[in-house]
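# Observations on the model geometry
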Amino acid sequence: MNKQDFSRRVLAVEGRLYRISCGMLQNHQDRLDAVQEAVVKGWANVDRLRHEQYFETWLTRILINECHNIQNARRNTVPLEAVPEQGAWENTNKPLRDAILALEMNLRLPVILCYMEGYRVREIAQILKIPEGTVKTRLARAKKKLKLLLEEE
Amino acid sequence: MSMNRNDWQNAFGRPDDEFRLHLRQTLDGLEEKDMKKRYKISTVLIAAVIMVAMLAGAGIAASRLGVFRLLEYADPIVPLQGAEELVATNLGTSENEYAILTVEEAVFDGQGVLVKCRMTPKDNEGYVLFDDFMQDASEDDYIRQSVPVKVPQGEQTSETEKGVQTVINGGERVSETEEGAQLIADGGDVQKLLLDGEEIEIPSSREEALEKGLIVYRMDSELYYADFEEFQVLGRKDGRELMGYDLSSSVQDNLIFMDMSDAQGQEDGGVIWWDSGVADNVLDVDEIRMRVSAKVYIDGEEIPLDEISFTLPKSEEERRYVFTPAGDAFGERFEILNGSMVCTKVRGYLKIDYRYQQAEAGEEMGIDFRIYDADGQRINTGSGSCHEENGVYHWNMEMQSFAEIPETIFLEAKVIGEDKTLGRVECKLIEE
């Protein structure tokens, strides 16, 4: 895959990268860092991608790993260096966003990948490196919680 | 909840201009070989005080069968009798001043590998290993709640319904660098909130800020975002501190990509962690070399443990079979081309090549296969993948192994997400 193809494919999933980073990282600068690192690592390793049709799933997984790394690095460390996201989130569904962000991370990610991004359970299992049965369980629990959270609104 | 994908996506909306610009700048910079050095990566202090010791295999016997745990999810795959005798144990130990990691069990059967590790805090009365990415945090044991997010130092401007709000927190200089605009905090204690350029009083509570439509409030001399909170696992109810961790395993030369893991917290504050990977085909090797790496996080510091390396011999000779349709290879809009099955004592590996024509409406997620024996008993399948190449789909799946290989299996094509069967094809198995 040449740089042009790579860039085209990355830009085709720009929204997905954005939403996943929003779901995992509260800090705008962290999101920019995570997506940047994911793209850089993706480009550095794109020759190792055996099947190009897995590109989206593969890049999604790299991004999640980067977000996860940043979360771990941020744990117990404040303050964060950031710019606020309120402006960027105008005209969005705040109750839904709040409810999603109120989920534990291990429930939140399957929800984002499944309902927001349309991944199959099997693909989510591969992206998150968890068993398919666990994905199903977490989706069911997450949906139940979301329902309760949204009813509270 | 009846929402379509657009409704869901509207939780976060579309990428903002800064995100879009940043992504394009990143892509533009990819040609430069040393570009990675140009980018700022979120930093953490890394303290590397590492000590290596080899410990005897305490506790191994009690968890001997645990390495097969990842086969037990979804439709459980049960290893055949004798599989546990193939498991290599006590493959290495590493420690730093905070935790001990042991690779307790692993097995490589020629195509797949399973690994089980245990990591335990040295001070298990003071710490509990926890990673919210991998583990559940039960309300019985963990303190979980939304927590306010501090406003970082610097100047920030947001367009809101109320007007343009500018927050100045401890510094107000903005510098243009090669990497773009950077917020520079000057370390001062200035805290201001401007609404359309006019300084206004900073609310003293979140409620007040929300009521007034303002983006920040001040509490104990710190500024916090008003409409933005973070859900966190704050700690343990028993008072033990949380120690973050990362664990990963890999196979040398990327012969197998480790693609599934799970972790479970233990009463002693440790975790048991499992990893699994499956190659596309049986590997032509007698052994594989594996590495397990780990790090813990204490007070924001990342503290690695020494990597554990070990060699796993191939545990047994696999049995290989190919299958072809016994009669009609077709169902409704699909055709079985060929397939193969590999059986070990640990698990089976199934490959099906097929053609498929999606329905004019629906079937967005394609089809999946269920496997049955000649008696109509379903044969469990586990995790796997499917990809399309030149109109042919390649379906790879781990499955229940057989002690005695059946002469015939039935492949039933099911539409994913719908209660719809496209047909059933009988296949004859032939040993390779």
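Every value quoted in this text rests on a predicted model; they were computed, and no experiment measured them. (Residues numbered from 1 in each chain as written. Chains lettered and ligands numbered in written order. Predicted model: local features only at pLDDT ≥ 70, side-chain atom pairs only at ≥ 80, totals over all residues. Heavy atoms only, no water.)

Looking only at helices and strands, chain B has 4 helices and 30 strands in total. Long-range pairs, those at least 24 residues apart, make up 62% of the contacts in chain B with a sequence separation of at least 6. Put simply, chain B shows about 21,100 Å² of open surface, and 43% of that area lies on carbon and sulfur atoms. (Helix = DSSP H or I, 4+ residues; strand = E, 2+ residues; numbered from the N terminus. Contact = heavy atoms within 4.5 Å. Areas by Shrake-Rupley, 256 points an atom, 1.4 Å probe, with all protein chains shown as cover.)

Residues and elements named next belong to chain B. In this fold, Val425 is placed in strand β30 (residues 421-431). Judged by relative accessible area, which is 0%, Val425 ranks as buried. When the C-alpha atoms of Val425 and Leu411 are compared, they prove to be 5.2 Å apart, with 14 residues separating the residues in sequence. In this view, Val425 contacts Pro325, Asp328, Ala329, Phe330, Phe334, Ile336, Ile409, Phe410 and Leu411; residues no more than four positions away in its chain are not counted. (Buried < 20%, exposed > 50% of the residue type's maximum accessible area, 1.4 Å probe, protein only.)

As a further point, take the pattern of salt bridges. Within the structure shown, the criterion is met by 25 salt bridges over all chains. Across the salt bridge formed by Glu426 of chain B and Lys428 of chain B, the nearest N and O atoms sit 3.9 Å from each other. Judged by relative accessible area, which is 37%, Lys428 of chain B ranks as partly exposed. The network of salt bridges with common partners includes Arg16, Arg19, Glu56 and Glu117 of chain A. (Salt bridge = Lys/Arg side-chain N within 4 Å of Asp/Glu carboxyl O.)

Here the focus is the confidence of the model for chain B. All names here are of chain B. On average, residues of chain B score 81 in pLDDT, and 82% of them are at 70 or above. Scored below 50 in pLDDT, residues 32-65 makes 74 contacts in the model with residues more than four places away or belonging to other chains. This model gives residues 172-187 a pLDDT under 50, and the stretch forms 34 contacts once residues within four places in sequence are excluded. Across the interfaces of the predicted complex, the ipTM metric reaches 0.90, alongside a pTM of 0.62. (pLDDT = per-residue confidence, 0-100.)

Turning our eyes to something else, we now look at the packing of helix α1 (residues 3-12) of chain A against helix α3 (residues 28-45) of chain A. Residues and elements named next belong to chain A. Relative orientation of the contacting elements α1 and α3 amounts to 145 degrees, with a least axis distance of 11 Å. Handedness of the crossing formed by α1 with α3: right-handed. Contacts between α1 and α3 involve Lys3, Phe6 and Val10 from the former and Val39, Gly42 and Trp43 from the latter. Of the residues assigned to the contact of α1 with α3, the class counts are 4 nonpolar, 1 polar and 1 charged. (Axes fitted to C-alpha atoms, helices over the stretch in contact; angles between N-to-C directions. Left-handed = near helix turned anticlockwise from the far one by under 90°. Nonpolar A, V, L, I, M, F, W, Y, C, P; charged D, E, K, R; others polar.)

Time to look at a negative patch on the surface. Together, Asp140, Asp141, Glu267 and Asp268 of chain B make up a region of like negative charge exposed at the surface. Within the secondary structure, Asp268 of chain B is located in the loop between β16 (258-265) and β17 (271-278). (Patch = residues over 30% accessible without salt bridge, like charges linked within 9 Å, V, L, I, M, F, W, Y side chains within 5 Å. Lys, Arg positive; Asp, Glu negative; His and termini not counted. Charge placed at Lys NZ, Arg CZ, Asp CG, Glu CD.)

Attention now moves to the nonpolar core. Val113 and Met119 of chain B are the most contacted members of the largest nonpolar core, which has 90 residues in total. Examining the composition of this core, we find that 9 residues originate from one element, helix α6 (residues 105-116) of chain A, more than from any other. Discounting residues that sit within four places of it in the chain, Met119 of chain B has contacts with Ala99, Ile100, Leu101, Leu129, Tyr245, Leu247, Gly270, Val271, Ala294, Lys295, Val296 and Leu305 of chain B. (Core = buried A, V, L, I, M, F, W, Y, C linked by side-chain atoms within 4.5 Å.)

Geometrically, a packed helix pair is captured by the angle between its two axes and the distance between the axes. All names here are of chain A. At a minimum axis separation of 10 Å, helix α2 (residues 14-24) and α6 run at an interaxial angle of 160 degrees. Our classification of the angle between α2 and α6 gives roughly antiparallel. Crossing of α2 over α6 shows right-handed handedness. Taken together, the residues of α6 that come into contact with α2 (itself represented by Arg19, Ile20, Gly23 and Met24) are Met105, Arg108, Leu109, Ile112, Leu113 and Met116. (Parallel < 35°, antiparallel > 145°, perpendicular 65-115°, else oblique.)

Glancing now at the side chain of Ser276 of chain B. All names here are of chain B. Within the fold, Ser276 resides in strand β17. Under the relative-accessibility criterion, Ser276 is labelled buried at 5%. In this view, Ser276 contacts Leu70, Val113, Leu114, Phe257, Met258, Asp259, Met260 and Arg347; residues no more than four positions away in its chain are not counted.

For helix α7 (residues 121-128) of chain A, the complete set of buried residues consists of Arg122, Ile124, Ala125, Ile127 and Leu128 of chain A. Once α7 of chain A finishes, Lys129 of chain A follows within two positions and takes phi at roughly 60 degrees, a positive value.

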